[in-house]
Amino acid sequence: MSSEQYGNRRRCGCRVAYLHHRLALSCFSGTTTRCWCHFKDWEGSPHSLSVLYPDLLLPIVDQFLPLLGLNRYQPLLVSRNRSLSELGNEKKELLLNDIVFGIAGSSHLWKQRKELVRLWWRPLEMRGHVWLEEQVPPEEADDSLPLLMMSEDISGFRYTNPTGHPSGLRISRILTESFRLHLPNVRWFVLGDDDTVFNVDNLVAVLNKYDPSEMMYIGTPLESHSANAYFSHSMAFGGGGIAISYPLAEALSNFDDDCIERYPKLYGSDDRLHACITELGVPLTRKHGFHQWDIRGNAHGLLSSHPIAPFVSIHHVEYVDPFFLG
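Residues numbered from 1 in each chain as written. Predicted model: local features only at pLDDT ≥ 70, side-chain atom pairs only at ≥ 80, totals over all residues. Heavy atoms only, no water.

(A) Local environment of the overall build of the chain. Looking only at helices and strands, the chain has 14 helices and nine strands in total. The 326 residues of the chain split such that 44% are buried. Within the chain, counting contacts between residues at least 6 apart in sequence, those at least 24 apart form 70% of the total. For the chain, the computed accessible surface area is about 18,200 Å², with 56% contributed by carbon and sulfur atoms. (Helix = DSSP H or I, 4+ residues; strand = E, 2+ residues; numbered from the N terminus. Buried < 20%, exposed > 50% of the residue type's maximum accessible area, 1.4 Å probe, protein only. Contact = heavy atoms within 4.5 Å. Areas by Shrake-Rupley, 256 points an atom, 1.4 Å probe, with all protein chains shown as cover.)

(B) Just the packing of aromatic side chains, in detail. Scanning the entire structure with this criterion turns up eight aromatic pairs. Centre to centre, the rings of Phe 189 and Tyr 246 are 6.3 Å apart; their planes meet at 20 degrees, and the pair counts as stacked. With Phe 189 in strand E4 (residues 188-193) and Tyr 246 in helix H11 (residues 246-253), the pair connects residues that are 57 residues apart, well separated along the chain. Note on Phe 189: relative accessible area 3%, which makes it buried. (Phe/Tyr/Trp six-rings, centres within 6.5 Å; stacked < 30°, edge-to-face > 60°.)

(C) Inspection of helix H13 (residues 269-279) at higher detail. For H13, the tally of buried residues reaches nine of eleven residues, placing the bulk of the element in the interior. Among the residues making up H13, those that are buried are Ser 269, Asp 270, Asp 271, Arg 272, Leu 273, His 274, Ala 275, Cys 276 and Ile 277. Taken from the residues just after H13, Gly 281 is the one with a positive phi, measuring 80 degrees.

(D) Focus on the nonpolar core. Formed by 33 residues in total, the largest nonpolar core has its most connected members in Ile 99, Phe 101, Trp 120, Trp 188 and Leu 207. If you list the elements that add at least two residues to this core, you get strand E1 (99-104), helix H6 (110-118), strand E2 (127-132), E4, strand E5 (196-198) and helix H9 (200-207). A per-element tally of this core places H9 first, with five residues. With residues near it in sequence (within four places) discarded, Trp 120 still touches Phe 101, Ile 103, Met 126, Thr 196, Val 197, Phe 198 and Val 200. In this structure, Leu 191, Leu 222, Ile 242 and Cys 276 belong to the second largest nonpolar core, which totals 26 residues. (Core = buried A, V, L, I, M, F, W, Y, C linked by side-chain atoms within 4.5 Å.)

(E) Molecular detail of the state of the cysteines. As enumerated under the stated definition, the model contains one disulfide in all. In this model Cys 259 forms its disulfide with Cys 276; the gap between the sulfur atoms is 2.1 Å. Looking down the S-S bond of the Cys 259 and Cys 276 bridge, the torsion is -110 degrees, so its handedness is left-handed. With a gap of 17 residues between them, Cys 259 in helix H12 (residues 256-261) and Cys 276 in helix H13 connect regions that are remote in the sequence. When its relative accessible area of 0% is taken as the criterion, Cys 259 is described as buried. (Disulfide = S-S within 2.5 Å.)

(F) Representation of empty space enclosed by the protein within the structure. Applying the stated criterion to the full structure yields one cavity of 30 Å³ or more. Considered as a void within the structure, the largest cavity measures approximately 40 Å³ in volume. In this structure, the largest cavity is lined by Ser 178, Phe 179, His 182, Leu 183, Val 186, Phe 189 and Tyr 246. Considering only residue class, the lining of the largest cavity consists of five nonpolar, two polar and no charged. (1 Å grid on protein atoms, 1.4 Å probe; cavity = no way out; pocket = protein on both sides within 12 Å on 5 of 7 lines; lining within 4 Å. Points joined across faces, edges and corners; volume = space filled by probe spheres on them. Nonpolar A, V, L, I, M, F, W, Y, C, P; charged D, E, K, R; others polar.)

(G) Structural view of the environment of Ala 249. Positionally, Ala 249 belongs in helix H11. Sequence spacing of Ala 249 and Thr 176 is 73 residues, and the spatial spacing of their C-alpha atoms is 6.9 Å.

(H) Region of the structure containing the side chain of Arg 127. Its location among the elements puts Arg 127 in strand E2. Looking at Arg 127, its side chain comes within polar contact range of the main-chain oxygen of Asn 97, at 2.8 Å. Here the side chain of Arg 127 touches Pro 184 through a polar contact of 2.7 Å, landing on its backbone oxygen. With residues up to four places along the chain from it excluded, the contact list for Arg 127 reads Asn 97, Asp 98, Ile 99, Val 100, Phe 101, Trp 121, Leu 183, Pro 184, Asn 185 and Val 186. (Polar contact = N/O pair within 3.5 Å; in protein donor to acceptor, adjacent residues only side chain to side chain.)

Read these as geometric descriptors, not functional statements.
Written out as structure tokens, the structure reads:
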């Protein structure tokens, strides 16, 4: 740095300090109310420098601001609080149509299970598919329900779990197959089963709290401690519903098949999805309103102790006693 450049920087620093000192004196020498009005005018007016700075300071201002590429007739940056407020207002409200549902189904059970899907599906507002292992008779198609899709062949994948079923491989790929449809304007993918009942308004309210531009993995473990000990306490279960943000779905689609092939001993689809998401370093965001509901009979006690959280979903409704008698 030359001596001339060094001298210019020192003079600039001195001017900044002097300007700051005079600003403080001009602001706080009066009442707090007058100071606040000055700052309010400064935030909102493009010519507010002439209001904020006394005439005595204007020559200094005119010398100093060009060093920053500004002039006193130029609006300065708005305050930090105003910026945050404006960013908040620009946030797009989540709509039901921003979500794509991937529903794991069985062609053998679809005739019965579709009546459960009908309870919550809104054909004119929602997007999604029911993924089956084989085609069903044409009369099973219904325009008031999600589109029926055939899952891709999974015979090339290894499955070595002695107690599970290879259908877990097929279901674990529903997210990737849904993503590869390249539907427009998708912010979230929500996975569930054909016997999962969603409260879609509560689902939208819950997801609206999160940033879909981040990698998000949202759901809840089981209600059973022993089952969580066997699988994982940090894994979301698909029957209760799993919400995956678009960036996470995109990342998974790039290596999902290779990842699935690394875990042939796992039991089902949930643990495979969890293993692959864990490889990406994304933790589970727990929301108590998702219910895997692997219980039988009377669920009154569990429901009465429900935490204060929106009721998003319930699974296995056929296996519990009626919630409302009569």
